[in-house]
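Results of the structural survey
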Amino acid sequence: MKRLAIGIDIGGTRTKVGLVDLDKGEVLEMLIAKTETKSSSLFLQMINSGIDQLKEVAQKEQSPVLGVGFGVTGFVFEDGKVDSTYGFLEFMEDYPLSEYIQKHSSLPCRADNDARVVALGEAVYGIGKGQNRVLVLTLGTGLGLGFIDNGKFETALPFAHMGGHISVGNSEIECYCGKKGCLEALVSATGIVASAKRMDWEQKYPHLELNVQTIFKAEQEGNSDAKEIVAEFLAYLKIGIGNYINLFAPDMIIIGGGVSKGMQPYLDELKQIDFLGPYKNYKVKIALSELDEYSGILGSAALFNN
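First, a word on scope: everything that follows refers to the structure included in this document.

**Section: the sheet that holds strand β11 (residues 152–153)**
If you trace the 5 strands from one edge of the open sheet to the other, you get β11-β10-β9-β12-β13, paired in mixed fashion. The open sheet has two edge strands with one neighbour each: β11 and β13 (285–288). Of the pairings in the sheet, the one linking strand β10 (residues 143–149) to β11 comprises 2 bridges and is antiparallel in character. Residue pairing across strands places I148 opposite F153, the latter belonging to β11. Its contacts with the sheet place helix α3 (residues 114–125) against β9 (133–139), β10, β11 and β12 (252–256), and it is angled at close to 50° to β10. Across the face of the sheet, helix α8 (residues 224–248) comes into contact with β9, β10 and β12 while running at roughly 150° to β9.

Written out as structure tokens, the structure is:
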């Protein structure tokens, strides 16, 4: 009999609901829907519909579903109450997410910060498997941070989930949080696109779609503006990685999220940094995620591994 769990990854534009074989780390079935950000009732309707469909799949597998795991932005308490999503999900303020889901599904529900469950997925099922201390940076619309120690969260609650808001350099660029110079505002997809806009990218290159992957491709093709944007991005990311090493001393740093999809040409440059190590002969591996869009689903489901 298989050990199955449902993992739910609530993203900025899409919500992914997956049925996971916990022993194999395999997503057996995945449903994708547009993320509902304004209405609690529509949100719960979407989620519960997905859970019901995957419970039927589990019945065909003749295996019970152990529970439903969630990855959601913001601070999440042990009882599954979401403290806040900082305006991302307008209704999710002091929101008893687990309670609502358990009531409908009759299944146990566990929830945690989205970047933390991504890190759990990467450490348990991804390229971080077998590493003791794994730090995962999810570079998407923002910067998510998750740290796993020997296959488990280092702290019971996501106290470090605002770790993307460390200040780097003397940048005058303002973050959505109100501070200036946050790493998140400089290395996320939002930050990279904002850098291009400050250079009048849309006016100079109206034939090129303004997104991170286009900028990376243009840099590889020798575009001087793209080279400047990417050089700045890498410089800030190096500073951030150096700071995180001093805080977490990870054995491996995994970079995921949408931005990571175009970072392969720059990986060697990140690996060549002479980091300040926390102890003699300290070494850290830096890698790109291989789980792609499945990491959040796998990590959410993995909340039921113990």
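Once you've had a look at it, read on.
**A closer look at unusual backbone geometry**
Positive phi, normally seen in glycine, also occurs at Y86, with a value near 55°. Tracing the sequence through the fold places Y86 in the loop between β6 (81–84) and β7 (93–96). Looking at Y86, the relative accessible area reads 46%, which means it is partly exposed. Even without being a glycine, D200 presents a positive backbone phi close to 60°.

**Structural notes on the packing of aromatic side chains**
Using the criterion set out here, one finds 11 aromatic pairs in the structure. Judged by centre distance (5.9 Å) and plane angle (50°), the ring pair of F75 and F159 falls under tilted. Pair noted here: F75 is in strand β5 (residues 75–76) and F159 is in the loop between β11 and α4 (184–187), with a separation of 84 residues, a long-range link. Their ring planes at 55° and their centres at 5.4 Å tell us that F216 and Y266 sit as a pair that is tilted. With F216 in helix α7 (residues 212–220) and Y266 in the loop between β12 and α9 (267–271), this pair connects stretches of sequence that are 50 residues apart. Per residue, the accessibility class of F216 equals that of Y266, and both read buried. Here the aromatic cluster, defined as three or more aromatic residues joined through ring pairs, consists of F43, F91, Y95 and Y100. Positioned over the ring face of F153 is R116, at 3.9 Å from the centre of the ring.

Reading the values: rules and limits
- Residues numbered from 1 in each chain as written.
- Predicted model: local features only at pLDDT ≥ 70, side-chain atom pairs only at ≥ 80, totals over all residues.
- Heavy atoms only, no water.
- Pairing = 2+ DSSP bridges.
- Helix = DSSP H or I, 4+ residues; strand = E, 2+ residues; numbered from the N terminus.
- Contact = heavy atoms within 4.5 Å.
- Axes fitted to C-alpha atoms, helices over the stretch in contact; angles between N-to-C directions.
- Buried < 20%, exposed > 50% of the residue type's maximum accessible area, 1.4 Å probe, protein only.
- Phe/Tyr/Trp six-rings, centres within 6.5 Å; stacked < 30°, edge-to-face > 60°.
- Lys NZ or Arg CZ within 6 Å of the ring centre and 35° of its normal.

Treat this as a map of the structure, not an account of what it does.
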